Amino acid sequence: MTHGERVRAVLAGGTPDRTPFTFWYHFHLTPPAGPNMAEAELAFFRKYQPDIFKVMHDIEYEESERVTEVADWAKLRSMAGREGNFGLQVDTVRRIVDAMRGEDVPVVNTVFNTFRYAHRISGERLLDHLREAPDEVHHGLRAITDSLVSFVRALMEVGSDGIYFAMHGASSDMARPMEYQAHFLPYDREVLEAASSGWLNILHPHSYDRLYFEYALGLPAHVICWSDRAAGPTLTEIRKQHTGCLMGGLDETRIKERTPEEIIAEGREARDWMRGTPFILAPGCSVPEDTPEHLLHAIAEAARG
């Protein structure tokens, strides 16, 4: 089977020739997009041959869009998907898709959610400002979301097969449960729906604290990936609630401490737990970029076993 055939078989509830796998890390390049980034990503794929080519960028929101006080939220503007830093990401994905043309390899680009960008550009004062002046903050959240929707549509136009949507804020260390549901969950849905033409949209509820998984399960995504080993809930707990494809099984926080044999054993244990159900083997989040190569190759071995 090709990489794409393997993943499509799992999403359809079929049985592939082996368990699909993937993993990724931050490259921390300067500049963090463009030809050099595309080449680094392509070299990573050629070396490790994951079944999903996940583009992991390191670009922040547009530098000019910053919030220091409540009134600044009203000054944020909606940006076009091919503008500024978003445009650099789109160009990187276009280069990768063009280089992979003729190969059946699904390509997905990392997209951070509205909460994450708003949290970062406000110096982590988002929730304080929201509780003080919700109308003003929502003006800014609307602008960020519209920019993300345009960005996602541009990614789909250049050939991305979907997005890897990093859902920040829906956890006990961030927003309160009902606060997240009321103020941020609708924006998450909008961004994911902008990628609805894709066949491989991966939702990543991100935190090492308690996740509000009930919100994640209601969003439109083909795959759900989270830090099941490092933080929970476990794969088996979520399998009882969700029949769709789950992705995980490897502890990204401890991979450098392991031997290849331990990584293989951990991966095969996860495969056994998920046997007969849609599953992709992967770490719960990015692995450290200085992880030794022989440990990363062990992930592929765990999938092939």
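As a reminder, the structure under discussion sits directly above these lines.
Here is a short report on the structure shown in this document. (Residues numbered from 1 in each chain as written. Predicted model: local features only at pLDDT ≥ 70, side-chain atom pairs only at ≥ 80, totals over all residues. Heavy atoms only, no water.)

1. Notes on the pairing of strand 6 (residues 245–250)
And then number 1: Burial analysis of strand 6 places six of its six residues in the buried class, which makes it a mostly covered element.
And then number 2: Pairing of strand 5 (residues 223–225) with strand 6, which is carried by three bridges, proceeds in the parallel orientation. Across the sheet, Cys-225 pairs through a bridge with Met-247, a residue of strand 6.
And then number 3: Sheet topology note: the strand 6/strand 7 (residues 279–283) ladder contains five bridges and is parallel. Bridged to Gly-248 within strand 7 is Leu-281. (Buried < 20%, exposed > 50% of the residue type's maximum accessible area, 1.4 Å probe, protein only. Helix = DSSP H or I, 4+ residues; strand = E, 2+ residues; numbered from the N terminus. Pairing = 2+ DSSP bridges.)

2. Quick look at the pattern of salt bridges
And then number 1: Going through the model one piece at a time under the given rule, you end up with 27 salt bridges.
And then number 2: Among the salt bridges present, the one from Asp-146 reaches Arg-142, with a minimum N-O distance of 2.9 Å. With a gap of four residues between them, Asp-146 and Arg-142 both fall in helix 6 (residues 134–157), about one helical turn apart.
And then number 3: Judged by relative accessible area, Asp-146 falls into the partly exposed class, the value being 32%.
And then number 4: Taking the shortest distance from any N to any O, the salt bridge between Arg-268 and Glu-301 comes out at 3.8 Å. Residue Arg-268 is located in helix 11 (residues 260–273), and its partner Glu-301 is located in helix 12 (residues 293–304); the two are separated by 33 residues in the primary sequence.
And then number 5: By relative accessible area, which is 35% here, Glu-301 ends up partly exposed.
And then number 6: Residues joined by salt bridges that share partners form a network here, namely Asp-91, Arg-94, Arg-95, Asp-98 and Arg-101. (Salt bridge = Lys/Arg side-chain N within 4 Å of Asp/Glu carboxyl O.)

3. Looking at the layout of surface pockets
And then number 1: Considered as a void within the structure, the largest pocket measures approximately 350 Å³ in volume.
And then number 2: Taken together, 19 residues make up the lining of the largest pocket; nearest its centre are Thr-15, Pro-16, Thr-19, Gly-276 and Thr-277.
And then number 3: Tallied by class, the residues present in the lining of the largest pocket amount to seven nonpolar, seven polar and five charged.
And then number 4: In this model, the second largest pocket occupies a volume close to 280 Å³.
And then number 5: Lining the second largest pocket are 20 residues, with His-26, Met-56, Phe-112, Cys-285 and Ser-286 sitting closest to its centre. (1 Å grid on protein atoms, 1.4 Å probe; cavity = no way out; pocket = protein on both sides within 12 Å on 5 of 7 lines; lining within 4 Å. Points joined across faces, edges and corners; volume = space filled by probe spheres on them. Nonpolar A, V, L, I, M, F, W, Y, C, P; charged D, E, K, R; others polar.)

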